[in-house]
Structure formats: C-alpha cells, structure tokens
Amino acid sequence: MADSSVDVIEGCRLPVLRKNQENEDEWPLAEILSVKEIPGRKLYYVHYIDFNKRLDEWVTPERLDMKKLQFPKKEAKTPTKNGLPGSRPSSPEREVRKSLDLNLQTATAPSRGKTLPTPKRKAESVSLATQVSPATPVPSLPGLAEASQVSVYPAVRDTNTFNLKSNAHDDHEQLTSLTTNGTARRPMPNQPGRKRKQPPNCGGTDEDSQDSSDGIPSAPRMTGSLVSDRSHDDIVTRMKNIDCIELGRHRLKPWYFSPYPQELTTLPILYLCEFCLKYLKSLKCLQRHLTKCNLRHPPGNEIYRKGTISFFEIDGRKNKTYSQNLCLLAKCFLDHKTLYYDTDPFLFYVMTEYDSKGFHIVGYFSKEKESTEDYNVACILTLPPYQRRGYGKLLIEFSYELSKVEGKTGTPEKPLSDLGLLSYRSYWSQTILEILMDLKPDNGERPQITINEISEITSVKKEDVISTLQYLNLINYYKGQYILTLSEDIVEGHERAMQKRHLPIDPKCLHFTPKDWSKRGKW
C-alpha cells in the first residue's frame, strides 16, 4: 500500500499491517520513529500506538497504509526540552501531552528550585489499583479507618462473609487514604538521597506509574533504581538497538533499548557468557572466553537450594562487573526502570536452575541495601525462555521470605511493568485468600483477623493488602460494618490457581542472615 510519491518522515502516523495473537491481519495506528535505507528499499521503525513498546519493529513499505497517512503538525518554533532542541518533530496529539507535562511539572516541582521529570502520557499515570482492572467497581469506603479487623460470618449459600472492625490506631492513617476507585494513596516526600552515576545513553521510561492520585503523577523518587531522567527519553533510547542475544542454549530477542557499547549494536548476534554475563562480539570470542572463565554459577553466596532451584545473593559493590552486566541484560526486557552503573547500593538475588553443566540463570530481583520506604524489590525479571512457568511468583515469594527473616513488611518499587503488575497482583491475591480460607471459627463465633495481622503474616505492606482486597471486590458494607465476602467463584478460582503452583519456596531451605547496612559506611 506504500505510495512512492509520498515521503514518509519521522513523526508521521499511519496504519501498519501486523499479525495479532490469533495470527490474523490487523491495521493498528503506528508512529514512524526512524527511517533507514538499505540497498534497494527503505525500512521504517514503527511504534504501535497504545501497544507496548516491546512490539516495536522495522517494517517494509508494503505494510504501510499510505491512504491514511498523518503528517506531524508544524510548529512555529523548534520544540525544546530543558533549553535544548527536541529530539524529533512533532506528531499528532503531542501538543496536548506537552501542555500536560508543563502543568504537571509546575505542580510537582520541589521547593528547592529543581524541576523533576514527569511521565509524558496521562494514560500511563494511573494508580496501582485502577491499572489492573479499571472496570472493577469498588464501593466508596468512607469510615473504613474504623474498620480493619475481619471476622467470619456463617456461610450463606454460595458466600463466606467477613466483618471489619478496628483494633489498631496505626491502621487509621493507612485506611483513611482509600479513595472510591480503590487507590491506596501514600504521600511521597521529596528525598534528595544519594547521587548516582549514570552514563549518557543510559535511559529508562517511567511507564505504568502507580504512585499517583487522581491521575496526577507524584514526583519521582530521588533514591533507588527508579529515578528516570526524561531528558534521555529520545529517539535513540526508544528504539531497540540489539537484534539478538545468545545466552547459553537460548537465543533471546530483546524487547527494549539497552546501553551496550555502540560497536556491538550493529552485530546480528550478541554473545553472552551465561555464567559471568560478559558480552562478546563473536562465537569465536565466546569459545575462547569459556576456556578461561572458571565460573559455573553466579558469584556470591548461595542462600537457598531445593531440588534444581538455587538463589545466589550478590553484593553490587563486591561483584560490580557481574552486577553491571546483569543490569545491561535486564534492561533489554525492562523499559520502566532506569539502569545505573552505580550498583554499590544494591543487592542482587539471582535464581538459577542446575544441571550437569552448571547453574543457569533463570531470573533475578534487586533491592536496595537501605530503603527508606520499605521497598523489598527494586527490579525483578524472569528471562523470556522461563516465563509462564511459575518462576515469576517464585521470585516474588522469595523476596517476601527475605522480608519475613528481616522482620519487615515490604513492597515492590513502583512503577511495575505490565507483566510485573499481573504477577504481583496474582501473588497478593493468592496469599491473602489462602489466609482467609484457613480461618477457623472460634467457639462458634466468627473468626477475626486484622489487616495488620495479614500484613505481619505475609510481610505484604498494608497498602498492598487493602488494594488487593478492593481489586478482588471483597469489601462490602453490611449492617453498619464493613465485611469481606468470599464467593464460591473466588474460592474455586483460588483453588485452581494453587494447584498450578508447583514451585513454592521452602523456608527450611533458606540460609540467610540479614545485615544491618546502616552501620556500614560504604556498604
């Protein structure tokens, strides 16, 4: 459908042919991000509007519907960002987004005179609860601050009901922050924190932001691995720069940009040692490296082993090269976090699968050594060859087991990716439902449990407990008090889900001693 007489430039929008999950043709609207010429024809790098960036791809002119081509709107002045020329021409709807950004920057600027970056799209700045199920109705809960204890009613036909009352003053502040859409608000104070080094091309986007209220994104945190400098969100970092990665017996197709050295981005395949994660430019270089590499497992301490599954704890300061290589690999599949070369403040927990050749990396999560906001996960990833096999929930469960040993409640750093949010919401739901279903009547009376007790048993933070109960639509108002209702559908769905979990963490196999990092000057 391409018309050779029309010059398609960056910023144009038009329908592009692609295959959907059912392998059927569809023509979603896409934006042209880049154009390149190869001998004989042009190729166009497109981003499908309202689709995840991991679906971005190079397409041929035959897949473009030129009849519905939309050119970018011309502007009187070159768009600027922080006083510098913009990285690309304007496209439709960008003016609306720009005005939104300016308003939000003004609203969220700290008193110290620094302007903090904000997410570009309002649609990406939705809350944790509403992002999962916008259509799920959640009742207004005015007065839930006085209702944090759960008691069980006798089963009525197909439901089990629980009653909410308060017995803890410290629940008041958490519960009063609930809104009618199920969002658990939490004020985000500005924290200057530690300054981190960041390479020029080291970018990440702030999509799927969940720490927001009423659609207005809160200021990004100034600590941890979340701080995302939007000045690097340009055409270069929006495009995948690695075609293929060979890691052990797997070949991976990256989803997003990762700041590997520029000279490696032109290679058809980037080779990685699956044990030390060193990147090499050819198979011959990899084979030569393997004769000298003595590692057959990640560096660090093995703190868990059951069957073929092991977890290794890696200090980002003691094993800096491995940690940086791990971050580079992870950035290929994580678009919502900023990558830091300064790995000193982080611990990395790498999950492996063992066979006769060694311990093969399956996934990992990182966490700050000192978190002022009770974050027990900074970044979390299951590598694509191991996804949809239960390893994601195993990583999540392991992070909470560590929190239990530390005697803390924890929550993952926001924003979560779309897949990460689904995994966490599923884990929270299954864990909380398991506790509620195990409650037994006490002397013929309805059993009772407080939200605090659920949080202490699971190490899941109270905000996450509350938002999960609302997501499941369990909270109802009955005879002057708040109750939780478990329908047969929820119970049956939970039992089916638990039958599929074949990889639970066994606390007896965990050998972990938490360290007090506050007493260590340089970690």
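Since we're looking at a predicted model, the values are computed, not measured. (Residues numbered from 1 in each chain as written. Predicted model: local features only at pLDDT ≥ 70, side-chain atom pairs only at ≥ 80, totals over all residues. Heavy atoms only, no water.)

Further remarks concern the overall build of the protein chain. A count of helical and extended segments in the protein chain gives eleven helices and 26 strands. In the protein chain, which comprises 523 residues, the proportion classed as buried is 52%. A separation of at least 24 residues holds for 66% of the contacts in the protein chain among residues at least 6 apart in sequence. Per element, the accessible surface of the protein chain, about 25,700 Å² overall, is 50% carbon and sulfur. (Helix = DSSP H or I, 4+ residues; strand = E, 2+ residues; numbered from the N terminus. Buried < 20%, exposed > 50% of the residue type's maximum accessible area, 1.4 Å probe, protein only. Contact = heavy atoms within 4.5 Å. Areas by Shrake-Rupley, 256 points an atom, 1.4 Å probe, with all protein chains shown as cover.)

A cis amide bond links Lys414 with the next residue in sequence, Pro415, at an omega value of 5°. Considering the arrangement of structural elements, one finds Pro415 in the loop between β23 (411-412) and α8 (418-437). The phi dihedral of Asp50 is positive, around 70°, even though this residue is not glycine. Its location among the elements puts Asp50 in the loop between β5 (41-48) and β6 (57-59). Using a relative accessible area of 63% as the deciding quantity, one classes Asp50 as exposed. Within the chain, Asp374 stands out as a residue other than glycine whose phi angle is a positive 60°. Checked against the element boundaries, Asp374 lands in the loop between β20 (358-368) and β21 (375-377).

Across the protein chain, pLDDT averages 75, with 67% of residues at or above 70. Across residues 151-158 the pLDDT falls below 50, and counting only partners more than four positions away or on other chains, this stretch makes 25 contacts in the model. Across residues 165-223, confidence stays below pLDDT 50; counting only partners more than four residues off in sequence or on other chains, it has 186 contacts. (pLDDT = per-residue confidence, 0-100.)

Inspection of every chain in the model, using the stated rule, returns 17 aromatic pairs. Arranged with centres 5.6 Å apart and planes meeting at 85°, the rings of Trp255 and Phe333 form a pair that is edge-to-face. Within this pair, whereas Trp255 is found in the loop between β14 (250-252) and β15 (270-272), its partner Phe333 is found in the loop between α6 (320-331) and β19 (346-355), the two being separated by 78 residues in sequence. A single burial state applies to Trp255 and to Phe333, both of which are buried. With 5.9 Å between their ring centres and 80° between their planes, Tyr386 and Tyr391 make a pair best called edge-to-face. A relative accessible area of 4% means that Tyr386 is categorised as buried. Tyr391 sits in the buried class, given a relative accessible area of 5%. Its end group placed over the ring of Tyr48, Arg18 keeps NZ or CZ at 5.3 Å from the ring centre. Its end group placed over the ring of Trp58, Lys36 keeps NZ or CZ at 4.3 Å from the ring centre. (Phe/Tyr/Trp six-rings, centres within 6.5 Å; stacked < 30°, edge-to-face > 60°. Lys NZ or Arg CZ within 6 Å of the ring centre and 35° of its normal.)

Looking now at the nonpolar core. Soluble globular proteins: nonpolar side chains tend toward being buried together. Ranked by size, the top nonpolar core spans 77 residues in total, and within it Phe311, Leu329, Tyr364, Phe398 and Leu436 carry the most contacts. The residues contacting Leu329, other than those within four sequence positions of it, are Ile245, Leu247, Tyr260, Leu272, Leu277 and Leu383. Core analysis: the next-biggest nonpolar cluster, separate from the first, contains 13 residues, Cys12, Ala30, Ile32 and Tyr44 among them. (Core = buried A, V, L, I, M, F, W, Y, C linked by side-chain atoms within 4.5 Å.)

The subject of this paragraph is the UniProt feature "active site" (unreviewed entry) in the protein chain. In the numbering used here, UniProt assigns the feature "active site" (unreviewed entry) to Glu413. Along the chain, Glu413 turns up in the loop between β23 and α8. Taking the relative accessible area as the measure of exposure, Glu413 reaches 1% and is therefore buried. (UniProt positions renumbered as here; feature names shortened; annotations may be inferred.)

A few words on the pairing of strand β18 (residues 309-315). With seven of seven residues buried, β18 is to be regarded as a mostly interior element. Residues Ile309, Phe311, Glu313 and Asp315 of β18 are buried on one face, and the alternating residues Ser310, Phe312 and Ile314, pointing to the opposite face, are buried as well. Note: strand β17 (residues 301-306) against β18, five bridges, orientation antiparallel. Among the inter-strand pairings, Arg305 is bridged to a residue of β18, identified as Ser310. Where β17 hands over to β18, the hairpin turn is made up of two residues, of which Gly307 adopts a positive phi near 65°. Note: β18 against β19, seven bridges, orientation antiparallel. Counted as the bridge partner of Asp315 is Leu347 from β19. (Pairing = 2+ DSSP bridges.)

With that settled, the discussion passes to the state of the cysteines. The final tally for this structure, using the stated rule, is zero disulfides. For the unlinked cysteine Cys379, the closest cysteine sulfur is that of Cys327, found at 7.1 Å. Residue classification places Cys379 among the buried residues on the basis of a relative accessible area of 9%. (Disulfide = S-S within 2.5 Å.)

The subject of this paragraph is the sheet that holds strand β22 (residues 379-382). The five strands are arranged β17-β18-β19-β20-β22 in an open sheet whose pairing can be described as antiparallel. The open sheet has two free edges, formed respectively by β17 and β22, since each of these has just one partner strand. Strand after strand, the sheet turns through a mean of 20° between neighbouring axes, direction not considered. Taken together, the ten bridges between β19 and β20 define a ladder with antiparallel strand orientation. Its bridge partner being in β20, Leu347 is matched across the sheet by Lys367. With respect to the sheet, α6 is in contact with β18, β19, β20 and β22, its orientation differing from that of β19 by roughly 80°. Sheet strands in contact with helix α7 (residues 391-406) are β17, β18, β19, β20 and β22, and its direction is about 55° off that of β20. (Axes fitted to C-alpha atoms, helices over the stretch in contact; angles between N-to-C directions.)

What follows concerns the packing of α7 against α8. For the pair α7 and α8, interaxial distance at closest approach is 10 Å and the crossing angle is 60°. As far as their axial angle goes, α8 and α7 are oblique. Classified by chirality, the crossing of α8 by α7 is right-handed. Residues Lys393, Ile396, Glu397, Ser399 and Tyr400 of α7 touch α8, and the partners they reach there are Ser423, Tyr424, Ser426, Tyr427, Trp428 and Gln430. The class makeup of the residues in the contact of α7 with α8 is five nonpolar, four polar and two charged. (Parallel < 35°, antiparallel > 145°, perpendicular 65-115°, else oblique. Left-handed = near helix turned anticlockwise from the far one by under 90°. Nonpolar A, V, L, I, M, F, W, Y, C, P; charged D, E, K, R; others polar.)

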